[in-house]
Amino acid sequence: MAFFYLVRHGQTDLIGKMLCGVLPGIHLNEKGRLQAQKAADFFDYRQIKAVYTSPIERASETAAAIAERVKLEPIWVDFLKEIDFGELQSIFETDLKRHSVWQHFLQNPAEVVFPGGESVNEAQNRVVAGLDALAAQFAKEDRVVCVGHCEILRLAVCHAIHLSPDHFHNLTIDPASVSLLEWSHERKKLRLLNLQPE
């Protein structure tokens, strides 16, 4: 069993404007860098055993701030990458609203397969398998930070609380927020959701 602190990356200039998904080259802005430092402050003295991160820049930059504070090297893992939205990536929000696949995603996400990308179920299976493998590597109550992206972290929380992905839009995971899952083969439990370090 392990305790997984799920951290969403900090603010970028494109949050709320463009669907970024797994696109490279999108970095934290000034506010995001400040948020990452506040997240790092939150983990000071919490005896973190490891810091794992999506390799996508906005996540890895957030993880770097946390890892530096807890004196660890961040470890890049693909299972924390955002959903691969395929052909919808790089589309601006105003245009997304008119896209039939995006409308389907907003209404019944569990059924969606993104053209040229992956399905929501595939993304959830990816993050769950990754967290299962991590949990097996750590001792009881070890504390591990996992830095990722909004949708993939919501899917992890859904699995832990037995909530269908069709309802995952009801969960809020804000930029640089911290959520906490207790995770073992036998039991998953949500301990904290969407805490914004100050």
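**Q** Just give me the short version of helix α6 (residues 150-160), but keep the residues and values in it.
**A** Burial runs high along α6: 10 of the 11 residues are buried. Next to the buried residues of α6 lie β1 (2-8), α4 (100-107), α5 (120-137), β4 (142-148), β5 (178-183) and β6 (188-195).

**Q** Describe in detail the nonpolar core, supporting the description with residues and values.
**A** Judged by nonpolar contacts, the single largest core of 40 residues is most densely connected at Phe4 and Phe114. Those elements that provide at least two residues to this core are β1, β2 (48-53), α4, α5, β4, α6 and β5. Phe42, Ala59, Val147 and Leu180 belong to the second-largest nonpolar core, a separate cluster that totals 18 residues.

**Q** Tell me about the sheet that holds β6, and name the residues and values.
**A** Taken together, 6 strands build an open sheet; the order of strands is β3-β2-β4-β1-β5-β6 and the sheet is mixed. For this open sheet the edge positions go to β3 (75-76) and β6, each flanked by a neighbour on one side alone. Relative to β4, β1 runs parallel, the two sharing 7 bridges. Looking at the pairing, Tyr5 lines up with Val145 of β4.

**Q** Provide a residue-level description of helix α2 (residues 57-70), including the pertinent values.
**A** Taking 1.5 Å per residue, 14 residues should reach 20 Å; α2 reaches 20 Å between its end C-alpha atoms and fits that length. Residues of α2 that are buried include every one of Arg58, Ala59, Ser60, Thr62, Ala63, Ala65, Ile66, Ala67 and Val70, and no others. Tucked inside the fold, the buried residues of α2 contact β1, α1 (30-43), β2, β3 and β4. The positive-phi residue at the C-terminal boundary of α2 is Lys71, with phi of around 60°.

About the cut-offs
- Residues numbered from 1 in each chain as written.
- Predicted model: local features only at pLDDT ≥ 70, side-chain atom pairs only at ≥ 80, totals over all residues.
- Heavy atoms only, no water.
- Buried < 20%, exposed > 50% of the residue type's maximum accessible area, 1.4 Å probe, protein only.
- Helix = DSSP H or I, 4+ residues; strand = E, 2+ residues; numbered from the N terminus.
- Contact = heavy atoms within 4.5 Å.
- Core = buried A, V, L, I, M, F, W, Y, C linked by side-chain atoms within 4.5 Å.
- Pairing = 2+ DSSP bridges.
- Expected span 1.5 Å × (residues − 1).

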